Amino acid sequence: MKIGILTLILSSCIIAFIASSAVSQEKELKPGHEASLNALKDELMSYFEPVSGKIISVEGNSVKIDIGERKAAKPGMRLHAFKEGVSFMHPVTKEFLGKVELPVGNIEIAATYADESLAVITKGKPAEFSNSKIKIPAVKIKVLFVQGNTDWFLGDSYYQMLKESGRFELIDTGIETDDISKIISEARAKGAAAALVLRSEDAKDHVNLTQKLFWVGDSKQFSAKDVQVDVAYVKELRFKLALFGPREGEALLSFRLPFGTRRLAVGDFDGDDKPDIVLASGNSIMIYSIADSDLKILWDFKVPSTGDILWIDTIDVNKDRRDEILITSMHDGEVASHIYELRGSEFIRTWHSKDSFIRKIGNEIATQEYRKGEGYEGNVFSLSHSGGTYKKGADLKLPSGVNIYDFQIVKSLDGKQAILAWDDRGYLNLYNEKGLRIWISPEDFGGFSEKVKRDSPTVMVERGEWSVKDRLIANGSEALAPKRKPLLGMARGLGYKSSEIKRLLWTGIGMEG
């Protein structure tokens with residue numbers, strides 16, 4: 001069976017469900033789990049802390065510098081030495097831009113004190129180091145990443161952590177050897193400044209993970225650090241990432257879906273902390289569990305007065321550890337939204353509204369009004385739940401023209417929030433907190449399959465369409481977006497030959513992916 005867009009989205013939804021569940025356990029997981037990988041990351045980053053200073057004195061092959069422990073200096077650090085040359089100006093404005101840097105060589109810190117350090121010259125002539133300036137520049141450092149025998153999922157989690165730090169340009173390699181000379185040779189060929197080598201050993205309830213760091217220039221090892229990673233964390237990574245391979249971008253888990261399935265979502269409806277899968281076909285809603293890599297039906301019900309399901313979501317409205325189902329349906333040009341909850345052995349509708357759309361955004365419910373024949377109308381606003389009743393809340397602050405199904409919120413590692421949104425042409429746009437567009441995808445993602453024509457007084461006049469955009473899935477700084485590939489070049493009217501999920505990363509400055 002070919003893997004289609006629904007199967008891809010299903011895998012992504014399950015990942016999102018697991019990721020969101022992990023958020024609630026973050027405090028208890030972090031000390032023994034993520035903290036282990038963070039310790040390795042911090043060790044690596046400590047050698048590349050951007051810093052600048054000058055050489056105080058030179059004696060033989062040794063130098064004294066004015067950078068000490070107060071400025072994060074540590075033995076093993078290597079800094080560039082240079083002298084300033086002539087000033088250079090902007091050719092048009094004549095604005096002073098800086099001075100030309102004339103390379104002198106490199107030094108390695110051997111001993112540190114509060115405000116000074118002793119270092120040795122690793123490259124260059126000692127006589128040229130007097131009165132030189134020194135620095136570790138803030139540019140990305142090229143590092144060869146060698147995963148060794150480490151579990152792929154654990155190694156990949158650490159790889160992504162380093163990548164998201166923004167400090168390193170990681171270089172992949174397919175080399176499979178413990179021979180450091182061969183690893184260094186590979187690193188030199190790929191232009192790396194340092195090589196990172198991982199090794200692991202399995203124990204009863206944990207994995208011993210070792211990170212060794214080498215300077216590529218002279219093959220010198222400058223760090224070795226061991227951490228223990230709980231086996232439970234490794235198993236959790238395997239379960240999350242086995243569904244979807246981030247580096248390859250292809251689904252590794254697929255299901256044979258019931259014929260006519262149009263919409264899907266993932267949630268936990270009985271409070272057993274296991275993901276259940278919701279599928280919509282026509283006006284029928286079916287809920288399945290995952291059993292031995294197959295689907296087993298648990299419950300089903302029909303949404304009244306429904307021709308098609310436009311959107312389906314899950315959220316724990318009343319905080320009882322059991323999700324409700326949010327549904328938007330359409331029939332004969334009429335749109336309605338519903339909320340269903342499992343009570344006993346069947347799902348009961350607990351809320352209903354005509355002429356409205358509904359969805360989940362973060363941990364809240366969002367709605368927007370519908371105007372027959374026109375589509376979306378007015379602002380997107382929140383829907384709050386208290387004491388068993390639902391009330392209209394405040395408007396969401398969105399860029400102009402962004403409707404309820406167009407967007408997701410992403411947050412960079414440094415806390416900057418942005419809105420990733422589709423436009424009507426199928427391009428992705430990123431808006432900053434002021435609502436200004438700061439990025440647009442270089443190409444469109446293939447358009448959308450759910451389009452509705454606006455009413456027109458005569459068949460001779462076309463008034464365009466409104467559409468239900470493809471689901472964006474966001475988790476922190478990451479976002480997943482489906483992309484369709486037409487059967488023949490740009491001829492979308494002939495259908496699509498395949499689909500894929502694109503992974504995007506909001507860095508706080510721009511999008512990568």
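Computed from a predicted structure; not experimentally measured.

(A) Region of the structure containing the sheet that holds strand β29 (residues 437-440). Here we have 4 strands laid out as an open sheet, ordered β26-β27-β28-β29, and antiparallel in their pairing. A strand with exactly one partner marks an edge of an open sheet, and here the two such strands are β26 (407-411) and β29. Ignoring strand direction, the axes of neighbouring strands in this sheet form an average angle of 25 degrees. In this structure, strand β27 (residues 417-422) lies alongside strand β28 (residues 428-431), joined through 4 bridges in antiparallel fashion. Directly across from A421, in β28, lies its bridge partner N429.

(B) Up close: the nonpolar core. Residues F48, L79, I107, Y158 and L196 are the most contacted members of the largest nonpolar core, which totals 44 residues. The element that contributes the greatest number of residues to this core is helix α4 (residues 152-165), accounting for 5 residues. Ignoring any residue separated from it by four or fewer positions in sequence, one finds L196 in contact with L44, V143, L144, F145, V146, Y158, L162, Q211, K212 and L213. Counting 20 residues, the second largest nonpolar core, distinct from the first, contains Y370, V380, V452 and V468.

(C) Quick peek at the packing of helix α3 (residues 34-46) against α4. Following both chains from N to C, one finds α3 and α4 inclined at 50 degrees, their axes separated by 10 Å at the closest point. Here α3 lies oblique to α4, going by the angle between them. Remark: the crossing between α3 and α4 carries right-handed chirality. Residue-level contacts link E34, L37, N38, L40, K41, L44 and M45 of α3 to L154, S157, Y158, M161, L162 and S165 of α4.

(D) Highlighting the side chain of S356. Along the chain, S356 falls in strand β22 (residues 356-361). Within the local environment of S356, its side chain forms a polar contact with the side chain of S353, the two groups lying 3.2 Å apart.

(E) Fine view of the packing of aromatic side chains. Evaluation of the coordinates by the stated rule reveals 20 aromatic pairs. Considering the side-chain rings of F145 and Y159, the 5.2 Å spacing of their centres and the 85 degrees angle between planes classify their relative orientation as edge-to-face. Taken together, the residues span a long stretch of sequence, with F145 in strand β7 (residues 141-146) and Y159 in helix α4 at a distance of 14 residues. Its relative accessible area of 3% is what places F145 among the buried residues. Its relative accessible area of 8% is what places Y159 among the buried residues. Ring plane angle 75 degrees and centroid distance 5.8 Å describe the contact between F269 and F347, whose orientation is recorded as edge-to-face. You can see F269 sitting in the loop between β14 (263-267) and β15 (276-281) and its partner F347 sitting in strand β21 (residues 346-354), a full 78 residues away along the chain. One aromatic cluster in this structure is built from W311, F357, Y370, Y376, Y405 and W466. Taking the ring centre of W311 as reference, the NZ or CZ of R471 above it sits at 4.5 Å.

(F) Looking closely at unusual backbone geometry. Positive phi, close to 70 degrees, is recorded for A72, a residue that is not glycine. Position of A72 among the secondary structure elements: in the loop between β2 (62-65) and β3 (78-89).

(G) Structural view of the sheet that holds strand β20 (residues 334-343). Here 4 strands make up an open sheet; going across it, the order is β18-β19-β20-β21 and the pairing antiparallel. Each having just a single partner strand, β18 (308-315) and β21 make up the two edges of the open sheet. Across the sheet, the axes of successive neighbouring strands diverge by a mean angle of 25 degrees, strand direction being ignored.

(H) View of the pattern of salt bridges. Overall, the coordinates contain 23 salt bridges when judged by the stated rule. Of the charged contacts, one joins K74 and E43 as a salt bridge, the two residues approaching to 3.7 Å between their closest N and O atoms. Residue K74 is located in the loop between β2 and β3, and its partner E43 is located in helix α3; the two are separated by 31 residues in the primary sequence. Here E186 ties to K190 by a salt bridge, and the two come within 3.3 Å at their closest N and O atoms. The exposure class assigned to K190 is partly exposed, which follows from its relative accessible area of 35%. Each of R78, E108, D218 and K220 takes part in salt bridges that share partners, so that together they form one network.

Reading the values: rules and limits
Residues numbered from 1 in each chain as written. Predicted model: local features only at pLDDT ≥ 70, side-chain atom pairs only at ≥ 80, totals over all residues. Heavy atoms only, no water. Pairing = 2+ DSSP bridges. Helix = DSSP H or I, 4+ residues; strand = E, 2+ residues; numbered from the N terminus. Axes fitted to C-alpha atoms, helices over the stretch in contact; angles between N-to-C directions. Core = buried A, V, L, I, M, F, W, Y, C linked by side-chain atoms within 4.5 Å. Buried < 20%, exposed > 50% of the residue type's maximum accessible area, 1.4 Å probe, protein only. Contact = heavy atoms within 4.5 Å. Parallel < 35°, antiparallel > 145°, perpendicular 65-115°, else oblique. Left-handed = near helix turned anticlockwise from the far one by under 90°. Polar contact = N/O pair within 3.5 Å; in protein donor to acceptor, adjacent residues only side chain to side chain. Phe/Tyr/Trp six-rings, centres within 6.5 Å; stacked < 30°, edge-to-face > 60°. Lys NZ or Arg CZ within 6 Å of the ring centre and 35° of its normal. Salt bridge = Lys/Arg side-chain N within 4 Å of Asp/Glu carboxyl O.

The analysis is restricted to geometry; functional conclusions fall outside its scope.
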